[in-house]
Amino acid sequence: GRLPKPDLAGVDSVLRTALRQGAPGAIARVDDDGVVRTAAVGVADRGTGRAISNADRFRIGSVTKVFSAVVLMQLADEGKLNLDASVDRYLPGLLPDSRITVRQVLGHRSGLYDYTNDMFAKSVSGFESVRSKVFTYRQLVDRSLRHARTNAPGAAYAYSNTNFVVAGMLIEKLTGHLVGTEYANRIIEPLKLRDTFYVHPGKNIPGRYARGYLTPDTAGTPLVDATQQTVSWAQSAGALISSTRDLDTFLSALLGGRLMSATRLGQMERMIPVNSTQAYGLGLRRRDLSCGVSVYGHTGAVQGYYTYAFATKDGRRSLTALANTSNNGAVLNTMLGTLESAFCGKPAK
Ligand SMILES: CC1(C)S[C@@H]2[C@H](NC(=O)CCCC[C@H](NC(=O)C[NH3+])C(=O)[O-])C(=O)N2[C@H]1C(=O)[O-]
């Protein structure tokens, strides 16, 4: 049946709460079958006081994982990749267990330890020590392999950035191109995503953007401007730059079946429960909302930026929301409320 109308006053109120909880700025864009509504509160730049707007680009963190998964699903459609094959078939000797399959990697079921756990145990010093670094994929995988795996291959869901570093290595091995080229050829150009860029190992966000502010672990200490960074610690797991408009467009196209075969999309959407309101497919999250609507997309947390980008299963309604802070659990949780307002409308009286 038809969804309730989006509640933009509700979205605006959620963004204002995020500001009260420490976000310098927050934006959201709802595309309801082509009817676009936006909200924006606070600043893009604490230094100049410039107001944030939905024209501002930002770092999308793990929403990048959806782009990486789409490229691999297209390669599967082209017969160049078997999701149930061992990673070893394509990247011989990389992983210590030939039972780990491509599908397990894309579904966070490989058991590969997440190297960012060590890297960002101390949020600010961890960030400062990597913000200008350029890593190879193998260096990141090697950091993971220093730890025991979290589970036997396929035995459990355990979110790990390492999986989407392996996804990037698969993309480059199978295509002979850098991931940025594949994102551009297969997604960015066909969908005309004018605000979406993969600039790794560059540190700068092209054009007009919101600055991102990392909240320190110690309460009461100043926010850290985290805008300039290579995001080389994430790459194919989290280094894309985009905008609310482009992510709405991307998710609508993906869920509307315009980026891969219906069979393949069905495989991407085949969800394994994570908890009572969340499930994970292949590079894709499902969130089950209070009004019984399920939405598909991804969240992103990269220093200075929290992103939610989700759409209905038919892709006809999409929402992207961004707060330009991170390491602030209250803001991350509050921003989830934009999904309720966008897809469930006004709360029942
Ligand atoms: C599961 C998440 C939320 S975390 C995961 C990934 N981001 C990371 O793994 C980076 C974590 C460090 C970010 C940093 N946190 C700390 O330093 C904490 N000590 C901060 O908040 O700026 C992403 O993006 N994912 C989100 C996702 O997939 O939804």
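Okay, so let's go over this structure.

Here is what the cut-offs are and how they apply
- Residues numbered from 1 in each chain as written.
- Predicted model: local features only at pLDDT ≥ 70, side-chain atom pairs only at ≥ 80, totals over all residues.
- Heavy atoms only, no water.
- Disulfide = S-S within 2.5 Å.
- Helix = DSSP H or I, 4+ residues; strand = E, 2+ residues; numbered from the N terminus.
- Buried < 20%, exposed > 50% of the residue type's maximum accessible area, 1.4 Å probe, protein only.
- 1 Å grid on protein atoms, 1.4 Å probe; cavity = no way out; pocket = protein on both sides within 12 Å on 5 of 7 lines; lining within 4 Å.
- Points joined across faces, edges and corners; volume = space filled by probe spheres on them.
- Nonpolar A, V, L, I, M, F, W, Y, C, P; charged D, E, K, R; others polar.
- Contact = heavy atoms within 4.5 Å.
- Phe/Tyr/Trp six-rings, centres within 6.5 Å; stacked < 30°, edge-to-face > 60°.
- Salt bridge = Lys/Arg side-chain N within 4 Å of Asp/Glu carboxyl O.
- Near = heavy atom within 4 Å.
- Polar contact = N/O pair within 3.5 Å; in protein donor to acceptor, adjacent residues only side chain to side chain.
- Areas by Shrake-Rupley, 256 points an atom, 1.4 Å probe, with all protein chains shown as cover.
- Sits in = over half its atoms within 2 Å of the grid points.
- Core = buried A, V, L, I, M, F, W, Y, C linked by side-chain atoms within 4.5 Å.

1. Brief notes about the state of the cysteines
At step 1: Tallying each qualifying case throughout the model produces one disulfide.
At step 2: Across a sulfur-sulfur distance of 1.9 Å, Cys 291 and Cys 344 are joined as a disulfide pair. Around the S-S axis, the bridge from Cys 291 to Cys 344 shows a dihedral of about -70° and counts as left-handed. Placement of Cys 291 in the loop between strand S9 (285-288) and strand S10 (294-302) and of Cys 344 in helix H13 (residues 337-344) is noted, with a sequence separation of 53 residues between them.
At step 3: Here Cys 291 falls in the partly exposed class, since its relative accessible area comes to 35%.

2. Side note on the layout of surface pockets
At step 1: Reported here for the largest pocket is a volume of approximately 650 Å³.
At step 2: Lining the largest pocket are 27 residues, with Asn 161, Gly 300, Ala 301, Val 302 and Tyr 306 sitting closest to its centre.
At step 3: Among the secondary structure elements, those contributing two or more residues to the lining of the largest pocket are helix H5 (116-119), S9, S10 and strand S11 (305-312).
At step 4: The dominant element in the lining of the largest pocket, judged by the number of residues it contributes, is S10, at four residues.
At step 5: Classifying every residue of the lining of the largest pocket by side-chain character gives eleven nonpolar, 13 polar and three charged.
At step 6: Taken as a whole, the second largest pocket encloses approximately 170 Å³ of empty space.
At step 7: For the second largest pocket, the full set of lining residues is Asp 84, Thr 101, Arg 103, Gln 104, Gly 107, Arg 109, Gln 267, Arg 270, Ile 272, Tyr 280, Gly 281 and Leu 282.
At step 8: Per-class residue counts for the lining of the second largest pocket are three nonpolar, five polar and four charged.

3. So, the side chain of Arg 109
At step 1: Within the secondary structure, Arg 109 sits in the loop between helix H4 (102-106) and H5.
At step 2: Those residues in contact with Arg 109 that sit more than four places away from it in its chain are Gln 104, Asn 151, Ala 152, Pro 153, Gly 154, Ala 155, Ala 156, Tyr 157 and Ile 272.

4. As for the packing of aromatic side chains
In this description, a pair of aromatic rings is defined by centroid distance and the angle of the planes.
At step 1: Counted by the stated rule, this structure contains seven aromatic pairs.
At step 2: Taken together, a centroid distance of 5.3 Å and an interplanar angle of 70° make the contact between Tyr 183 and Tyr 198 edge-to-face. Of this pair, Tyr 183 sits in helix H9 (residues 179-188) while Tyr 198 is found in the loop between H9 and strand S4 (213-214), placing the two residues 15 residues apart along the sequence.

5. A few points about H13
At step 1: With seven of eight residues buried, H13 lies mostly within the body of the structure.
At step 2: All buried positions along H13 are accounted for by Gly 337, Thr 338, Leu 339, Ser 341, Ala 342, Phe 343 and Cys 344.
At step 3: Gly 345 sits one or two residues past H13 and shows a positive phi near 70°.

6. Remarks on the pattern of salt bridges
Pairing between side chains becomes possible if they bear opposite charge and their charged atoms approach one another.
At step 1: Across all of its chains, the model carries 23 salt bridges by this definition.
At step 2: Between Arg 50 and Asp 56 there is a salt bridge whose closest N-O contact spans 3.2 Å.
At step 3: Residue Arg 50 is classed as partly exposed on the basis of its relative accessible area of 30%.
At step 4: For Asp 56, a relative accessible area of 0% corresponds to the buried category.
At step 5: Overlapping salt bridges bring together Arg 57, Asp 195, Arg 245 and Asp 246 as one network.

7. A word on the site of the ligand
At step 1: Close to the ligand lie 16 residues, the nearest being Ser 62, Phe 120, Thr 299, Ala 301 and Ser 326.
At step 2: In this structure, an oxygen atom belonging to the ligand sits 2.5 Å away from a side-chain N or O atom of Ser 62.
At step 3: Between Tyr 159 and the ligand, the recorded distance is 2.8 Å, taken from a side-chain N or O atom to an oxygen atom.
At step 4: Calculation on the ligand without its partners gives an accessible area of 650 Å², and the protein chains cover 80% of this total.
At step 5: A majority-of-atoms criterion places the ligand in the largest pocket.

8. A few points about the nonpolar core
At step 1: In terms of nonpolar packing, the biggest core is built from 81 residues, with Phe 67, Leu 106, Val 166, Trp 233, Phe 250, Leu 254 and Met 268 touching the most fellow members.
At step 2: For this core, the element with the most residues is helix H2 (residues 64-77), which contributes nine residues.
At step 3: Those residues within four positions of Trp 233 in sequence are excluded, and the remaining contacts are Tyr 115, Thr 116, Met 119, Phe 120, Val 130, Phe 135, Leu 140, Val 302 and Gln 303.

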